[in-house]
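Here are the chains, one letter per residue:
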Amino acid sequence: AKDKGRGTYRFYAAQMNAQSAERLILESGLRRALVREELLLHYQPKLDLKTQRIVGVEALMRWRHPTLGMISPAQFIPIAEETGLIEAMGQWALRQACSDAVAWRRQGLPALQMSVNLSPRQLGSRTLISEIATILDESGLEPELLELEITEGAVMKNAEQAVTVLETIRGMGIGLAIDDFGTGYSSLSYLRRFPLSTVKIDRSFIHDLSEDTDAQALTDSIITLAHGLRMQVVAEGVETMTQLDHLRSRGCDVIQGYLLSRPLPAEELCRFVGGYLHH
Ligand code: C2E
Ligand code: CA
Ligand code: CA
Ligand code: CA
């Protein structure tokens, strides 16, 4: 039994080493990813349920590692956040997204709202506002066509400071969406305190819509609540027509999900929207 115990310990130790080794590899790789141009953005279209038009896209970061291949944001975003690398990466993403949005317009696409994810760390950065202003100025994108997606966690960290920053952002004409709504330690008072223009219902509720009456009740309530506060509602992770029909019947404004399209590289997104216009 003694031997067995020691073996188990060794096994765990080896596993832990493998985990921290992987983490180290990712961390050091991430430090070089920006300069080596291994980061890219994919864009997922959003459909307005009333007009049946594509009204915007969400920019989602991708990392093509030279030897490990595509690494999921679920793996690298937390590392970027912990190490602080997210600040430079997020700034790059914002600049790239704005410049792609302007390029699509030049190629004849209708105006699309560009949504970019903002991490808690970025929201706490003192230079955020001036960086956003510079990027809008340099790209020429109208502020009304930009939307920033933040999570509840990000605003809860330092609520007082967050309110000021978010009000400045809204004052510039930029949209503000609360992401993954319903999953965090949601406090309803945040919906009133923060100058939000959009609520994004988390995809876990959408996923359970067909079988689960609790998920339906929550989804319906979020839609009613958001509309009562004059906010737009986006449902994310819509994969089936049943989900879409439910959301439409409840007055949800916009949907996003694999049913419409997966996130696409910039040129493919451009073609997708072009094709959608003429079908
Ligand atoms: P998120 O902001 O909630 O983004 C939506 C995620 O849902 C994306 O995962 C998207 O690909 C996925 N998705 C979209 N439609 C469907 C669907 O119908 N079904 C399912 N199962 N999934 C769907 P992705 O691209 O892997 O990104 C994961 C998370 O990583 C994002 O969640 C966001 O929190 C973070 N992230 C991605 N890009 C950035 C970025 O540029 N900056 C920051 N700070 N975070 C980012
Ligand atoms: Ca998001
Ligand atoms: Ca989300
Ligand atoms: Ca999420």
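Owing to the predicted nature of the structure, the values given are computational and were not obtained by experimental measurement. (Residues numbered from 1 in each chain as written. Chains lettered and ligands numbered in written order. Predicted model: local features only at pLDDT ≥ 70, side-chain atom pairs only at ≥ 80, totals over all residues. Heavy atoms only, no water.)

Considerations on the overall build of the chain
Scanning the chain from N- to C-terminus turns up twelve helices and ten strands. For 279 residues, the compact-globule estimate of 2.2 N^0.38 gives 19 Å, and the C-alpha radius of gyration of the chain, at 20 Å, lies within 12% of that figure. Reported as C-alpha extents along the three principal axes, the dimensions of the chain are approximately 70 × 50 × 45 Å. Going through the 279 residues of the chain one by one, you find that 47% of them count as buried. For the chain, long-range pairs separated by at least 24 residues make up 68% of all intrachain contacts whose partners lie at least 6 apart in sequence. Looking at the chain as shown, the accessible area adds up to about 14500 Å², and 53% of this sits on carbon and sulfur atoms. Of note, the chain has its 29 positive side-chain charges centred 5 Å away from the centre of its 35 negative side-chain charges. (Helix = DSSP H or I, 4+ residues; strand = E, 2+ residues; numbered from the N terminus. Rg over C-alpha atoms; globule rule 2.2 N^0.38 Å. Buried < 20%, exposed > 50% of the residue type's maximum accessible area, 1.4 Å probe, protein only. Contact = heavy atoms within 4.5 Å. Areas by Shrake-Rupley, 256 points an atom, 1.4 Å probe, with all protein chains shown as cover. Lys, Arg positive; Asp, Glu negative; His and termini not counted. Charge placed at Lys NZ, Arg CZ, Asp CG, Glu CD.)

Section: the site of ligand 1
Taken together, the neighbourhood of ligand 1 is formed by 19 residues, with Gln44, Arg62, Arg203, Glu239 and Tyr258 sitting nearest. One of the side-chain N or O atoms of Asp179 is found 3.1 Å from an oxygen atom in ligand 1. Contact between ligand 1 and Glu239: a nitrogen atom at 2.5 Å from a side-chain N or O atom of the residue. Relative to its unbound accessible surface of 800 Å², ligand 1 loses 82% to contact with the protein. Those elements giving two or more residues to the shell around ligand 1 turn out to be strand 2 (54-65), helix 2 (73-83) and strand 6 (175-181). Top contributing element to the shell around ligand 1 by residue count: strand 2, with four residues. Class assignment for the residues of the shell around ligand 1 results in seven nonpolar, five polar and seven charged. (Near = heavy atom within 4 Å. Polar contact = N/O pair within 3.5 Å; in protein donor to acceptor, adjacent residues only side chain to side chain. Nonpolar A, V, L, I, M, F, W, Y, C, P; charged D, E, K, R; others polar.)

Considering the coordination of the calcium ion (ligand 2)
Note on the calcium ion (ligand 2): its protein donors are Glu58 (OE), Asn117 (OD1), Glu149 (OE) and Asp179 (OD). The metal-donor distances range over 2.2 to 2.3 Å. For the calcium ion (ligand 2), the donor residues sit on a single chain with the sequence spacing E-x58-N-x31-E-x29-D. (Donors = N, O, S within 2.8 Å, 3.2 Å for Na, K, Ca; no water.)

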